[in-house]
Amino acid sequence: PLNSLAWRTTRVRMQPPPGRAAARLRGMESPLAAPSPRIWVDADACPAVIRDILYRAAERTRIEVILVANRWLQTPSSRFIRAMQVAGGPDVADDAIAERVAAGDLVVTQDIPLAARVLAKGAAALDPRGVPFSPDSIAQRLSIRDFMAELRGAGVQTGGPPSLHARDRQAFAARLDQWLARQR
């Protein structure tokens, strides 16, 4: 349970994860061993309720969750939860995730260009509302994003995304559980 976890902080460096994941980071994993999947979180804009769902899933399934942000994050004390702080600036956290993600990993992000990059590397991508990004839909979503950016650049007020509702949290948890079940 999340409430019983002691809270800790991680500043700048990500500590090596336990077991096979540590060997994979050092490049020493046996080619016969299947690498453990990881969940990468673009944490700069990830809602706290979604992070809480991910924390519980990490403990329950023992799958490593790595939160990447350009600010300090408070995370529960767990050998399966890591926080990685990167330098400030546009797309720095996205670049860190895209460089480190591997095929079979999951990336939780609202950022459509980041989703496109990780899909190209064979990873799965899911937004905090539970909507999966797919190779079939990513081009259309990028086009809509670019069109909306042009409208905003022309002074048109497009508004932001709607508030995160309970149904969004449920949809996210259900999609996450589906992905986790495929990893077993």
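Just so it is clear, the model here is predicted, and its values are computed rather than measured.

*Asks:* How would you summarise the overall build of the protein if you had to cite specific residues and measurements?
*Replies:* The secondary structure content of the protein amounts to six helices and eight strands. Ordering the α and β elements of the protein from the N terminus gives β-α-β-α-β-β-β-α-β-α-β-β-α-α. Taking all 184 residues of the protein together, 39% fall into the buried category. Once local pairs closer than 6 in sequence are excluded, the contacts in the protein between residues at least 24 apart make up 56%.

*Asks:* For helix α2 (residues 48–61), give the residues involved together with the corresponding values.
*Replies:* Along its 14 residues, α2 runs 20 Å from first to last C-alpha, staying within 8% of the 20 Å computed at 1.5 Å per residue. Among the residues of α2, I50, R51, I53, L54, Y55, A57, A58 and T61 are the ones counted as buried.

*Asks:* Give me the lowdown on the environment of A120, citing residues and values where you can.
*Replies:* Relative to the helices and strands, A120 is located in helix α4 (residues 112–120). C-alpha of A120 to C-alpha of P135: the two residues are 15 residues apart in sequence and 8.0 Å apart in space.

*Asks:* Describe the nonpolar core, with residues and values.
*Replies:* By size, the foremost hydrophobic cluster in this structure holds 25 residues, and its most contacted members are I39, V41, L54, L67, V108, F172 and L176. If you list the elements that add at least two residues to this core, you get β2 (38–42), α2, β3 (64–69), β5 (81–85), β6 (106–108) and α6 (166–183). By residue number, the principal contributor to this core is α2, which donates six residues. The residues contacting V41, other than those within four sequence positions of it, are C46, L54, V65, I66, L67, V68, I97 and V108. W40, A96, L114 and A125 belong to the second-largest nonpolar core, a separate cluster that totals 20 residues.

*Asks:* Before we move on, could you go through the environment of A115 and cite the residues and values that matter?
*Replies:* Along the chain, the position of A115 falls in helix α4. For A115, a relative accessible area of 0% gives the class buried. Here A115 is in contact with T109, A125, F133 and I138, once residues within four sequence places are set aside.

*Asks:* An account of the packing of α2 against α6 is requested, with residue identities and associated values reported.
*Replies:* Interaxial distance between α2 and α6 falls to 11 Å at its minimum, and their mutual angle equals 25°. In terms of axis orientation, α2 runs roughly parallel to α6. Here α2 runs over α6; the crossing is right-handed. Packed against α2, whose contacting residues are V49, I50, I53, L54, A57, R60 and T61, the element α6 presents R169, F172, A173, L176, D177 and L180 at the interface. Within the contact of α2 with α6, the residues separate by chemical class into nine nonpolar, one polar and three charged.

*Asks:* I'd love a proper account of the sheet that holds β6, names of residues and values included.
*Replies:* If you trace the six strands from one edge of the open sheet to the other, you get β5-β3-β2-β6-β7-β8, paired in mixed fashion. With partners counted over all chains shown, the strands left at the sheet margins are β5 and β8 (132–133), one partner each. As defined by bridge partners, β3 adjoins β5 across five bridges and the pair is classed as parallel. By the bridge assignment for β5, A69 is matched with Q85. Of the strands in this sheet, β2, β3, β5 and β6 are in contact with helix α3 (residues 92–100), which crosses β2 at around 165°. Lying on the sheet, α4 is in contact with β2, β6, β7 (124–126) and β8; it crosses β7 at an angle near 160°.

*Asks:* Please give an account of the packing of α3 against α4 that cites residues and values.
*Replies:* Orientation of α3 relative to α4, taken along the N-to-C sense of each, is 10°, at an axis distance of 9 Å. As far as their axial angle goes, α4 and α3 are roughly parallel. Listed contacts from α4 to D94, D95, I97 and A98 of α3 are L114, R117 and V118. Considering only residue class, the contact of α3 with α4 consists of four nonpolar, no polar and three charged.

Basis of the calculations
- Residues numbered from 1 in each chain as written.
- Predicted model: local features only at pLDDT ≥ 70, side-chain atom pairs only at ≥ 80, totals over all residues.
- Heavy atoms only, no water.
- Helix = DSSP H or I, 4+ residues; strand = E, 2+ residues; numbered from the N terminus.
- Buried < 20%, exposed > 50% of the residue type's maximum accessible area, 1.4 Å probe, protein only.
- Contact = heavy atoms within 4.5 Å.
- Expected span 1.5 Å × (residues − 1).
- Core = buried A, V, L, I, M, F, W, Y, C linked by side-chain atoms within 4.5 Å.
- Axes fitted to C-alpha atoms, helices over the stretch in contact; angles between N-to-C directions.
- Parallel < 35°, antiparallel > 145°, perpendicular 65-115°, else oblique.
- Left-handed = near helix turned anticlockwise from the far one by under 90°.
- Nonpolar A, V, L, I, M, F, W, Y, C, P; charged D, E, K, R; others polar.
- Pairing = 2+ DSSP bridges.

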